[in-house]
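# Structural overview
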Amino acid sequence: MSKTKEKLINKKGLRVDGRKPEELRPIKFEIGLLDKANGSVYMEQGNNKILTAIYGPRELHPRHLALQDRALLRCRYHMAPFSVEERKSPAPSRRKIELSKVIREALEPAVFTELYPRTSIDVFIEVLQSDGGSRCAGMTAASLALADAGIPLRDLVVACAAGKVDGQVVLDLNDAEDKLGEADMPLALFPQSDSVMLLQMDGTLSQEEFEKAFNLAIEGCKRIYGMQKEALKAKYSVKKEDLEDLEGGKEG
Amino acid sequence: MPLLVEKRQLVTPGDLIAEGEYRAGENTYERDGKIYASKIGAFDSRDNTVYVIALKGFYIPETDDLVIGKVIDISLSGWIVDINAPYNAMLFVSEVFERSFNPRKDELSEVFDIGGMLLAKVAAFDRTRDPVLTLRGPGLGKITHGRIVEMTPTKIPRLIGKKGSMIDLVKKGTGCQIVVGKNGLVLIRGKKPEDEASAIKIIRIIEEEAHTSGLTNRIGELIKKLKNEVGISVQDKGKTDQ
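Attention here is on the structure that accompanies the text. Remember, predicted model here, so these are calculated numbers, not experimental data.

The rules behind each value
Residues numbered from 1 in each chain as written. Chains lettered and ligands numbered in written order. Predicted model: local features only at pLDDT ≥ 70, side-chain atom pairs only at ≥ 80, totals over all residues. Heavy atoms only, no water. Helix = DSSP H or I, 4+ residues; strand = E, 2+ residues; numbered from the N terminus. Contact = heavy atoms within 4.5 Å. Areas by Shrake-Rupley, 256 points an atom, 1.4 Å probe, with all protein chains shown as cover. Lys, Arg positive; Asp, Glu negative; His and termini not counted. Charge placed at Lys NZ, Arg CZ, Asp CG, Glu CD. Core = buried A, V, L, I, M, F, W, Y, C linked by side-chain atoms within 4.5 Å. Buried < 20%, exposed > 50% of the residue type's maximum accessible area, 1.4 Å probe, protein only. Pairing = 2+ DSSP bridges. Axes fitted to C-alpha atoms, helices over the stretch in contact; angles between N-to-C directions.

### Overview of the overall build of chain B
- Looking only at helices and strands, chain B has five helices and 16 strands in total.
- Each principal axis of the C-alpha distribution contributes one length, and for chain B these read about 65 × 50 × 25 Å.
- Pairs at least 24 apart in sequence give 57% of the contacts found in chain B among residues at least 6 apart.
- Accessible surface for chain B amounts to roughly 11,900 Å². Of this, 48% is attributable to carbon and sulfur atoms.
- The average position of the 36 basic charges and that of the 34 acidic charges among the side chains of chain B differ by 5 Å.

Shown next, in the form of structure tokens:
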């Protein structure tokens, strides 16, 4: 039912960027590159380039927003004006406000906000270069940055999209596939309890296609989850004997 | 009932670390009888309690902690002090004036002005109210000279070392007085600016290499080397406060 003549999947069954239908784009994490932020992550997923920073828990301004029983998690998703070919206005748009809200709601259950009442934890997600699926990448990077900030988490949150392109269910759509394909379905997962934290869909899928895409997205999330943990462990790799010293100082 | 990870193993938030009859200690939580890590750190256990030594974190005040703070505001009843924590601390006038206090006569900014640094102790804190500071104690009060460096609060134990071994080494080696605030701020007072500069240099190295092996030995060597280079005055007698 594709409206364009352009083929998104070639005769060999490969996609526009040469991937197989169930293949993720290459992912790269860089942790802790901002000095001023309490936690930060730079993430690349294919052509997506996203910078996330965490500030907090810190004193909340304006004060009247403070919650007496837990920390307030604030989230700002923003696309840089140069992140897409046609200049993106930096002003808050309907889309940015919506994405900020859904990302916040997906991250909040993972954070032990009740430990730091009356404070705020601020999450900044800046898309430097966008190539489809930036809300998922933003969430994945932001949860990693929360861990880097030393904020206690129940688990990392991980997100990935699946969709339908040229009549075929595929994983991790890029910009062209998102715009020209038939459906795009971002999904955020809380891997520990296999709970879905976010599920959105554009386009149409039949019931079987939906189930296939749903399972494929969960599968993709689990693969990214492994990469997240690896990245964190690589950043904080420590030799065992040194930790004895670290602990010994507690009495001092 | 099994422990699911080895002692000293690096864990990340959400890692399952134990099942069954264990108690969830620091930086862990329990859900449906299973214990998970909540921070990035090293797993450990003592008796029946499992816990995680966090590698990154921020300062949360505790009663009796020695902290270094900065006066950021003056209110009617005292000073508001930034102690590098999610909550600003309060220092009440009653801590400073032994006599009764008259807001019309006594000018608070003459005692501690905005921007001034303080060495204080946390008198009370319980998360429902902001921390309260006290100056009652030896050596507490206004910081008049010296230099202050900041480091990650979780690495403060490493700077102190086993029973203070590391900090003693730095104090003796540089001849500086060093006061370590639990909130990640360190006050350094030396006879000469060069001594202070070398102490700062050493502290920065400790922070950067906090998790590498044989650090205490290497810092010892470094101090010897610095002594030869800039000739830090050796002051073994110089008693330092902590």
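### Digging into the nonpolar core
- Membership of the largest hydrophobic core comes to 90 residues, with the highest contact counts inside it found for Val123(A), Leu146(A) and Leu133(B).
- Apart from the residues lying within four places of it in its own chain, the contact partners of Leu133(B) are Val67(B), Val81(B), Ile83(B), Ala89(B), Met90(B), Leu91(B), Glu95(B), Ala120(B), Lys121(B), Val122(B) and Ala123(B).
- Core analysis: the next-biggest nonpolar cluster, separate from the first, contains 22 residues, Val149(B), Ile160(B), Ile203(B) and Ile223(B) among them.

### Some details on the pairing of strand S11 (residues 117-124) of chain B
Residues and elements named next belong to chain B.
- Note that strand S8 (residues 66-74) and S11 share five bridges and pair antiparallel. Note that in S11 the partner of Leu-66 across the bridge is Lys-121.
- Of the pairings in the sheet, the one linking S11 to strand S13 (residues 141-142) comprises two bridges and is antiparallel in character. By the bridge assignment for S13, Leu-119 is matched with Gly-141.

### Concerning the sheet that holds strand S3 (residues 48-59) of chain A
Residue and element names in this part refer to chain A.
- Pairing is mixed in the open sheet, where five strands are placed in the order S1-S2-S3-S5-S4. What marks the edges here is a single partner per strand, and that holds for strand S1 (27-31) and strand S4 (72-79). Recorded for the sheet is a direction-independent mean angle of 15 degrees between the axes of neighbouring strands.
- Pairing of S1 with strand S2 (residues 39-45) involves five bridges; the strand directions are antiparallel. Of the residues in S2, the one forming a bridge with Ile-31 is Val-41.
- Along the sheet face, helix H4 (residues 207-235) touches S1 and S2 and points at about 35 degrees away from the line of S1.

### Overview of the sheet that holds strand S5 (residues 34-37) of chain B
All names here are of chain B.
- Taken in spatial order, the three strands of this open sheet run S2-S5-S4, and their pairing is antiparallel. The strands lining the two open edges of the sheet, one partner per strand, are strand S2 (16-19) and strand S4 (28-31). Mean inter-strand twist for the sheet, computed between neighbouring axes without regard to direction, equals 30 degrees.
- When S4 meets S5, the two strands line up antiparallel, connected through four bridges. Bridge pairing in S5 links Arg-31 to Lys-34.

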